[in-house]
Amino acid sequence: MSSNSSNENLTSSVPISLPTVIVGLSFLSCCLSIIGAVVIFATYCLVNVAKNQTRRFLVYLTIADLMTAVGNLIGVVRYALREETEYILERKEMKYNCTVTDSVCFVQSAVTTFSTLASFFWTSIIMIHILMTLITQQEWSKLANRVIYHIVSWGVPCKLTIYCIVNTLDVH
């Protein structure tokens, strides 16, 4: 009798759905992040006093954060517009359903992974830049340093993301 009970559990469908308030707050958060990025770009372009090296690093950080916000917004919109029946998983097929993704989801995942890592590295670069500027009491960003900053902040996340993509493709 207990084996029949467990077989019934294997074939029962469990709907997976987030509360509407969570989806709405996620959408709002993404939109506010995009608006904030536009404001930062506009002030950098329009206010000449704001064009210093630290502010330029903030613009690079904002580019990475904008990519994250757009990627998350795509995910929220796709979730909100989904067919409910697409997200009903049968427990016996959960492994298949949880590992197979469509191309939009795959690209969204890669972009948000890259941009989140880039955001982390740009935040670290800004911290190092401010610290070294305070210690040396002069602008600390020579051209060689700026090139290294870009290689680290864009190159390392790119390599890590490509590595993960290649490993994911090898598994599937």
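Please refer to the structure higher up on the page.
For every chain, the first residue of the written sequence is number 1, and numbering continues from 1 along that sequence. In view of the model being predicted, local features appear only for residues whose pLDDT reaches at least 70, and side-chain atom pairs are presented and counted only at 80 or more, with totals across whole chains, interfaces and linings using the full set of residues. Processing note: side-chain calculations cover all non-hydrogen atoms of the structure and skip hydrogens and water entirely.

1. Observations concerning the environment of Ser124
Strands are runs of DSSP state E lasting at least 2 residues, helices are runs of H or I lasting at least 4, and numbering of each runs from the N terminus. Here Ser124 shows up in helix H5 (residues 103-136). Of the residues examined, Ser124 reaches a relative accessible area of 24% and is grouped as partly exposed. Considered as a pair, Ser124 and Ser153 are 29 residues apart in the sequence and their alpha carbons are 8.9 Å apart. Throughout, exposure labels follow a simple rule: accessible area from a 1.4 Å probe, protein chains only, divided by the maximum for the residue type, with under 20% read as buried, over 50% as exposed, and the rest as partly exposed.

2. Description of a nonpolar patch on the surface
Exposure above 30% relative accessible area and the lack of any salt bridge qualify a residue for a patch; like charges then connect within 9 Å, and the nonpolar side chains Val, Leu, Ile, Met, Phe, Trp and Tyr within 5 Å. Per-residue and other accessible areas follow the Shrake-Rupley method at a 1.4 Å probe size, with only the shown protein chains counted as cover for residues. Each salt bridge in this description consists of a side-chain nitrogen of Lys or Arg and a carboxyl oxygen of Asp or Glu lying within 4 Å of one another. A grouping of Leu18, Val21, Ile22, Leu25, Leu28, Leu32, Ile35 and Val39 is seen on the molecular surface, where their side chains present a nonpolar patch of about 740 Å² in accessible area. Tracing the backbone through its elements, the reader meets Leu28 in helix H2 (residues 20-46).

3. Observations regarding the nonpolar core
By size, the foremost hydrophobic cluster in this structure holds seven residues: Phe57, Tyr60, Leu61, Trp122, Ile125, Ile126 and Tyr149. Elements that contribute at least two residues to this core include exactly helix H3 (53-80) and H5. Here, nonpolar core refers to any group of buried Ala, Val, Leu, Ile, Met, Phe, Trp, Tyr and Cys residues whose side-chain atoms link them within 4.5 Å.

4. Details of the side chain of Gln53
Mapped onto the elements, Gln53 comes out in helix H3. The exposure class of Gln53 is buried, given its relative accessible area of 7%. What qualifies as a polar contact is a pair of N or O atoms within 3.5 Å, subject to a donor-acceptor requirement within protein and to the restriction that residues adjacent in sequence count only when both atoms come from side chains. Polar side-chain contacts of Gln53 include one of 2.7 Å to the side chain of Arg56.

5. Details of the packing of H2 against H3
Note on geometry: axes are C-alpha line fits, over the in-contact stretch for helices, and angles between N-to-C directions span 0 to 180 degrees. Two elements in contact, H2 and H3, have axes whose closest approach is 8 Å; the angle formed by their N-to-C orientations is 155°. Relative to H3, H2 is oriented roughly antiparallel. Here H2 and H3 pass one another in a crossing that is left-handed. As a working rule, the residues Ala, Val, Leu, Ile, Met, Phe, Trp, Tyr, Cys and Pro are called nonpolar, Asp, Glu, Lys and Arg charged, and the rest polar, with Gly in that last group. Here the residues of the contact of H2 with H3 sort into 20 nonpolar, five polar and two charged. Our angle categories are set so that under 35 degrees counts as roughly parallel, over 145 as roughly antiparallel, 65 to 115 as roughly perpendicular, and the remainder as oblique. Left-handed is the label given to a crossing in which the near helix is rotated counterclockwise from the far helix by less than a right angle, and right-handed is the label when the rotation is clockwise.

6. Remarks on the packing of aromatic side chains
For any two aromatic rings, the description comes down to two numbers: the centre-to-centre distance and the angle of the planes. Ring pairs are drawn from Phe, Tyr and Trp, using the six-membered ring of Trp, whenever the two centres fall within 6.5 Å, and their geometry is named by plane angle: stacked under 30 degrees, edge-to-face over 60, tilted for the rest. With the rule as written, the count across this model stands at seven aromatic pairs. Between the aromatic rings of Phe57 and Tyr149, the centroid separation amounts to 5.2 Å while the plane-to-plane angle is 75°, which identifies the pairing as edge-to-face. Remark: Tyr149 occurs in helix H6 (residues 143-171) and Phe57 occurs in helix H3; sequence separation between them is 92 residues. Considered together, Phe57 and Tyr149 belong to a single accessibility category, that of buried residues. Consider the rings of Tyr60 and Trp122, whose centres lie 4.9 Å apart with planes at 40°: the pair is tilted. Residue Tyr60 is located in helix H3, and its partner Trp122 is located in helix H5; the two are separated by 62 residues in the primary sequence. The residues Tyr60 and Trp122 share a single accessibility class, namely buried. Through a chain of ring-to-ring contacts, three or more aromatic side chains come together here, namely Phe57, Tyr60, Phe114, Trp122, Tyr149 and Trp154. Note on criteria: charge over ring means Lys NZ or Arg CZ within 6 Å of the ring centre, with the direction from the centre no more than 35 degrees off the ring normal. Its end group placed over the ring of Tyr44, Lys51 keeps NZ or CZ at 5.9 Å from the ring centre.

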